[in-house]
Amino acid sequence: MSSIKIECVLPENCRCGESPVWEESSNSLLFVDIPAKKVCRWNSLTKQVQRVTVDAPVSSVALRQSGGYVATVGTKFCTLNWEDQSVVVLATVDKDKKNNRFNDGKVDPAGRYFAGTMAEETAPAVLERHQGSLYSLFPDHHVKKYFDQVDISNGLDWSLDHKIFYYIDSLSYSVDAFDYNLQTGQISNRRSVYKLEKDEQIPDGMCIDAEGKLWVACYNGGRVIRLDPETGKRLQTVKLPVDKTTSCCFGGKDYSEMYVTCARDGMDSESLLRQPEAGGIFKITGLGVKGIAPYPYAG
Ligand SMILES: O=C(O)[C@H](O)[C@@H](O)[C@H](O)[C@H](O)CO
Ligand SMILES: [Zn+2]
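The chain is annotated in an unreviewed UniProt entry as Regucalcin from Sciurus vulgaris. Database annotation for the chain, UniProt heading Sequence similarities (unreviewed entry): "Belongs to the SMP-30/CGR1 family."

Next up, the structure:
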C-alpha cells in the first residue's frame with residue numbers, strides 16, 4: 001500500500017503555471033507562467049530555478065531533439081535557446097485573430113509539436129467562444145490545422161501504442177479521444193471518453209501514465225483525477241491544497257513522481273490567504289504508478 005505525499009517544492013507564485021515537462025538530462029522541471037511571459041526551469045537537485053522572460057504570453061514549452069527547447073509564444077511556434085535566451089519564430093497561426101493566443105501544447109511520439117489556441121481571457125474561463133483551433137508543427141516547420149471552433153484548447157497526450165490522441169477542450173467538460181495515425185499525424189473519429197462531474201470543475205492539462213491511464217488536472221477542482229479511457233471510469237482522485245490546479249506531468253527518478261502546476265489569477269484575497277501556496281509547483285509521491293518520458297520536438 002503506497003502512501004501519497006503532496007508537497008509544494010517551489011513557491012513560485014505563478015499567475016498561471018502550466019505545461020510542466022520533465023527534462024531527464026538536467027533533473028529539471030520546465031514549466032511556464034502564461035501571463036507573466038516566463039519559462040522556468042527548476043533543478044530538482046539544487047532546488048535552483050532559472051527564468052527566461054519572452055515578449056508575449058508563453059503557454060507551453062517542450063524539449064527539442066537538437067538541443068534547447070520549443071515554446072508557444074503568443075500565436076507563434078518558437079525555438080528557445082536557454083543559454084542566450086534567444087527566441088526564433090518557426091511559424092505563426094491565427095493571423096486573422098488578433099485577440100488569440102496559443103494555450104497548452106505537447107510533442108507527439110513522432111516529434112510533431114501539437115498546440116491549440118483560444119481567445120484571450122478577460123477572467124479565467126471567460127472569453128469569446130469558438131475562436132480557437134488545434135494545430136501541429138511538423139519537424140519540417142510546416143503547420144497542420146486540425147479543426148477550429150475550440151473554446152479553450154487544453155490537455156493533450158497519446159496512448160502508449162500511439163494509436164489514440166487524447167484531447168481536452170476545457171469548456172466541453174469532456175476528455176475526448178481520436179484515432180491517431182502516427183505516420184501521417186492525422187486524427188479522426190472524435191469521441192468522448194470521460195465527462196467531468198460537477199465538483200471536478202474544468203478539465204485542464206493532462207498526461208498519460210505507464211499503464212495507459214490518463215491524469216487530468218481539474219481547474220477550480222483542486223485535484224488531479226486518474227481515468228481509464230477504455231472504460232470511461234474514474235479510478236482515483238488526488239486532492240491538492242490549491243483550487244486552481246492547471247496541469248500535471250510525471251518526472252523524477254524513473255518518472256515515479258508527479259508534478260502539478262497551478263494558478264493564482266482569479267483568486268480573491270481571502271482565498272489567497274487560505275491557499276498561500278497557490279501558484280506553486282507541487283510534487284506528488286507514492287502514487288504507485290510511473291509516467292513516461294516526454295517526446296522531444298524533432299525539427
Ligand atoms: O492554463 C490554461 O489552460 C488557461 O490558459 C487558463 O487560463 C485556465 O487554465 C483556464 O481558464 C481554465 O480553463
Ligand atoms: Zn491548461
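J.: Tell me what's going on with the packing of aromatic side chains, and back it up with residues and numbers.
T.: One pass over the structure, following the stated rule, counts 19 aromatic pairs. Relative to Y180, the ring of F114 has its centre 6.0 Å away and its plane inclined at 70 degrees; by these criteria the two rings are edge-to-face. One end of the pair, F114, is in strand β11 (residues 113-119); the other, Y180, is in strand β16 (residues 174-181), and 66 residues separate them in sequence. The class of F114 is buried, set by a relative accessible area of 0%. Note on Y180: relative accessible area 7%, which makes it buried. Ring geometry for F147 versus Y167: centroids 5.6 Å apart, planes at 75 degrees, classification edge-to-face.

J.: Explain the site of ligand 1 to me, and be specific about the residues and the numbers.
T.: The environment of ligand 1 is formed by 14 residues, the closest being E18, N103, E121, N154 and D204. In this structure, an oxygen atom belonging to ligand 1 sits 2.6 Å away from a side-chain N or O atom of E18. For ligand 1, an oxygen atom lies 2.8 Å from a polar atom in the side chain of N103. Its free accessible area being 330 Å², ligand 1 has 98% of it covered by the protein chains. Looking at the shell around ligand 1 residue by residue, the class counts come to seven nonpolar, three polar and four charged.

Parameters and conventions
Residues numbered from 1 in each chain as written. Chains lettered and ligands numbered in written order. Predicted model: local features only at pLDDT ≥ 70, side-chain atom pairs only at ≥ 80, totals over all residues. Heavy atoms only, no water. UniProt positions renumbered as here; feature names shortened; annotations may be inferred. Phe/Tyr/Trp six-rings, centres within 6.5 Å; stacked < 30°, edge-to-face > 60°. Helix = DSSP H or I, 4+ residues; strand = E, 2+ residues; numbered from the N terminus. Buried < 20%, exposed > 50% of the residue type's maximum accessible area, 1.4 Å probe, protein only. Near = heavy atom within 4 Å. Polar contact = N/O pair within 3.5 Å; in protein donor to acceptor, adjacent residues only side chain to side chain. Areas by Shrake-Rupley, 256 points an atom, 1.4 Å probe, with all protein chains shown as cover. Nonpolar A, V, L, I, M, F, W, Y, C, P; charged D, E, K, R; others polar.

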